[in-house]
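These are the residues of each chain, in order.
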Amino acid sequence: MKSVLIVNPKGGAGKTTLATNLAGGLASFGNGEVRLWDLDRQHSSLEWLALRPADRPAISPLVGNKQDHGHSRKKSAGWLILDSPAGIHGKMLQRALKLANKVIVPIQPSIFDIAASDDFLRELREEKVVRKEKCRIGIVGMRVDPRTRAASTLGAYLQQYDLPILTWLRDTQVYANAAFNGLSIFDLPDSVSGRDTEQWQPILEWVSD
Ligand SMILES: Nc1ncnc2c1ncn2[C@@H]1O[C@H](COP(=O)(O)OP(=O)(O)OP(=O)(O)O)[C@@H](O)[C@H]1O
Ligand SMILES: [Mg+2]
């Protein structure tokens, strides 16, 4: 099973939006079963999943004993997407990283978000699993128009960490509107979310690689 952790300790960075849409994208286009594991006590991802219509590509929730999951996870095919809470650090971050092959960090292009992510990106790079290259990190610019000064400032800031920017996702109500119905942008017609699904292609390719 390939597992992808979505993480950024900054609240509201876009973790749940990324996790639920990644699960939706993989359910539509990936090979194998898709599971969503919500490490956040707010359970936003699980609430989204509870709203998901039964006729949409299936995503199953993963709940219960973490050790059992660790055991069964290695054996089964498919995908595990982990949504994580704001404020994650230390032991909980280490435990979450051990479960993941890939890590996606959503960051918004503001001075507040950049400042809040700084210590975290440093901590992430020092983690053993990352240093040993057991788990790869990619950044997603959230709510960004790549032509703006904000985007180039974020890009320049990220260069010091030598981490790939997988893509920029535009600021749009399409995500919020889809989420109200337990849908991802991949469940919507092209006329509504075509621009957005296109922006997601590098993410789907990177996690599948
Ligand atoms: N690309 C986007 N365009 C417009 N709105 C977005 C986008 N991405 C996220 N949002 C909105 O930003 C808000 C925060 O997003 P989200 O809940 O995914 O963040 P989070 O990191 O999971 O927050 P928390 O730390 O509280 O768990 C939500 O209202 C969401 O709809
Ligand atoms: Mg969240």
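Cut-off values and rules
- Throughout this description, residue numbers start from 1 for each chain and increase along the sequence as written.
- Whichever chain is written first is A, and whichever ligand is written first is 1; the rest continue in order.
- Where totals are concerned, whole chains, interfaces and linings use all residues; where local detail is concerned, this predicted model gives features only for residues with pLDDT of at least 70, and gives and counts side-chain atom pairs only at 80 or more.
- Hydrogens and water are ignored here; the side-chain numbers use all heavy atoms of the structure.
- Salt bridges, as used here, are contacts in which a Lys or Arg side-chain nitrogen is within 4 Å of a carboxyl oxygen on Asp or Glu.
- Helix and strand definitions here come from DSSP, where helices need a minimum of 4 consecutive H or I residues and strands a minimum of 2 consecutive E residues; each element is numbered from the N-terminal end.
- Buried means the residue's accessible area, taken with a 1.4 Å probe over protein chains only, is under 20% of the maximum for its type, while exposed means over 50%, and partly exposed covers the values in between.
- As used here, the arc is the angular range of directions from the helix axis to the C-beta atoms.
- Should any heavy atoms of two residues lie within 4.5 Å, those residues are counted as being in contact.
- Here the nonpolar core consists of buried residues drawn from Ala, Val, Leu, Ile, Met, Phe, Trp, Tyr and Cys, with membership extended through side-chain atoms lying within 4.5 Å.
- Strands are labelled as partners when DSSP assigns at least two bridges between them.
- What makes a residue near a molecule or strand is one non-hydrogen atom of that residue sitting within 4 Å of it.
- N or O atoms closer than or at 3.5 Å make up a polar contact, with two conditions inside protein: a donor-capable atom paired with an acceptor-capable one, and, for residues adjacent in sequence, both atoms drawn from side chains.
- Any residue that is not Ala, Val, Leu, Ile, Met, Phe, Trp, Tyr, Cys, Pro, Asp, Glu, Lys or Arg is counted as polar, Gly included; the first ten are nonpolar and the last four charged.
- For the purpose of counting charges, residues Lys and Arg are taken to be positive, whereas Asp and Glu are taken to be negative. His and the chain ends are not included.
- In this scheme Phe, Tyr and Trp rings, the latter by its six-membered ring, pair at centre separations within 6.5 Å, and the angle between planes marks the pair as stacked below 30 degrees, edge-to-face above 60, and tilted otherwise.
- Our definition puts a charge over a ring when NZ of Lys or CZ of Arg is within 6 Å of the ring centre and also within 35 degrees of the ring normal.

Caption draft 1: Region of the structure containing the pattern of salt bridges. A complete count under the given rule lists 8 salt bridges for this structure. Among the salt bridges present, the one from Arg 122 reaches Asp 118, with a minimum N-O distance of 3.0 Å. Separated by 4 residues within a single helix, Arg 122 and Asp 118 lie in helix α5 (residues 111-126), roughly one turn from each other. Here Asp 171 ties to Arg 143 by a salt bridge, and the two come within 3.5 Å at their closest N and O atoms. With Asp 171 in the loop between β7 (165-169) and α8 (174-180) and Arg 143 in the loop between β6 (136-142) and α7 (149-159), this residue pair connects regions lying 28 residues apart in the sequence. Judged by its relative accessible area of 49%, Asp 171 is partly exposed. By relative accessible area, Arg 143 is classed as partly exposed at 45%.

Caption draft 2: Fine view of helix α2 (residues 44-51). Within the span of α2, buried status applies to Ser 45, Leu 46, Trp 48 and Leu 49. Along α2, the residues classed as buried sweep out an arc of 155° about the axis, all on the same side. Seen from the open side of α2, the exposed residues pointing more than 90 degrees away from its buried face are Glu 47 and Ala 50. Considering only its buried residues, α2 is in contact with α1 (15-29), β2 (34-38), β3 (60-62), β4 (79-83) and α8.

Caption draft 3: The arrangement of the nonpolar core in detail. Core analysis: the biggest nonpolar cluster contains 34 residues, and Leu 5, Val 7, Leu 97, Val 103, Val 105 and Leu 121 have the highest contact counts within it. Elements represented by at least two residues in this core include exactly β4, α4 (90-98), β5 (102-107), α5, α6 (128-131), β6 and α7. For Leu 5, the residues in contact, after removing those within four places along its chain, are Leu 39, Leu 82, Ser 84, Ala 96, Leu 97, Ala 100, Lys 102, Val 103 and Ile 104. Residues Leu 18, Leu 26, Trp 79 and Trp 206 belong to the second largest nonpolar core, which totals 29 residues.

Caption draft 4: Summary view of the pairing of β4. The buried fraction of β4 is high, at 5 of 5 residues. The alternating pattern of β4 places Trp 79, Ile 81 and Asp 83 and Leu 80 and Leu 82 on opposite faces, both of which are buried. Inspection of the sheet shows strand β1 (residues 2-6) paired to β4 by 5 bridges, in the parallel sense. Within β4, the position partnered with Ser 3 by the bridge is Leu 80.

Caption draft 5: Seen up close, the site of ligand 1. Close to ligand 1 lie 15 residues, the nearest being Lys 15, Thr 16, Thr 17, Arg 170 and Thr 172. With respect to ligand 1, the backbone of Arg 170 contributes an N or O atom lying 2.9 Å from a nitrogen atom. Contact between ligand 1 and Thr 172: a nitrogen atom at 2.9 Å from a main-chain N or O atom of the residue. Sorting elements by how many residues they give to the shell around ligand 1 places α1 first, with 3 residues. Its residues placed into classes, the shell around ligand 1 shows 4 nonpolar, 6 polar and 5 charged.

Caption draft 6: Looking closely at the side chain of Lys 102. Residue position: Lys 102 is located in strand β5. Notably, Lys 102 is buried but unbridged: the nearest opposite-charge side chain belongs to Asp 209, and the N-O separation is 5.3 Å. Looking at Lys 102, its side chain comes within polar contact range of the main-chain oxygen of Asp 209, at 3.0 Å. Apart from the residues within four sequence positions on either side, Lys 102 is in contact with Ser 3, Val 4, Leu 5, Arg 136, Trp 206, Val 207 and Asp 209.

Caption draft 7: Examining the packing of aromatic side chains more closely. Applying the stated criterion across every chain, the model contains 3 aromatic pairs. Judged by centre distance (6.1 Å) and plane angle (80°), the ring pair of Phe 29 and Phe 186 falls under edge-to-face. Residue Phe 29 is located in helix α1, and its partner Phe 186 is located in the loop between α8 and α9 (190-208); the two are separated by 157 residues in the primary sequence. Owing to a relative accessible area of 59%, Phe 29 belongs among the exposed residues under this scheme. Its relative accessible area of 10% is what places Phe 186 among the buried residues. Judged by centre distance (5.7 Å) and plane angle (85°), the rings of Phe 186 and Trp 200 are edge-to-face. Here Phe 186 is found in the loop between α8 and α9, whereas its partner Trp 200 is found in helix α9, with 14 residues between them in sequence. Assigned by exposure class, Phe 186 and Trp 200 land together as buried. Among the aromatic residues, ring-to-ring pairing joins Phe 29, Phe 186 and Trp 200 into one connected group. Geometry around Trp 206 places Lys 102 over its ring, the cationic atom sitting 5.2 Å from the centre.

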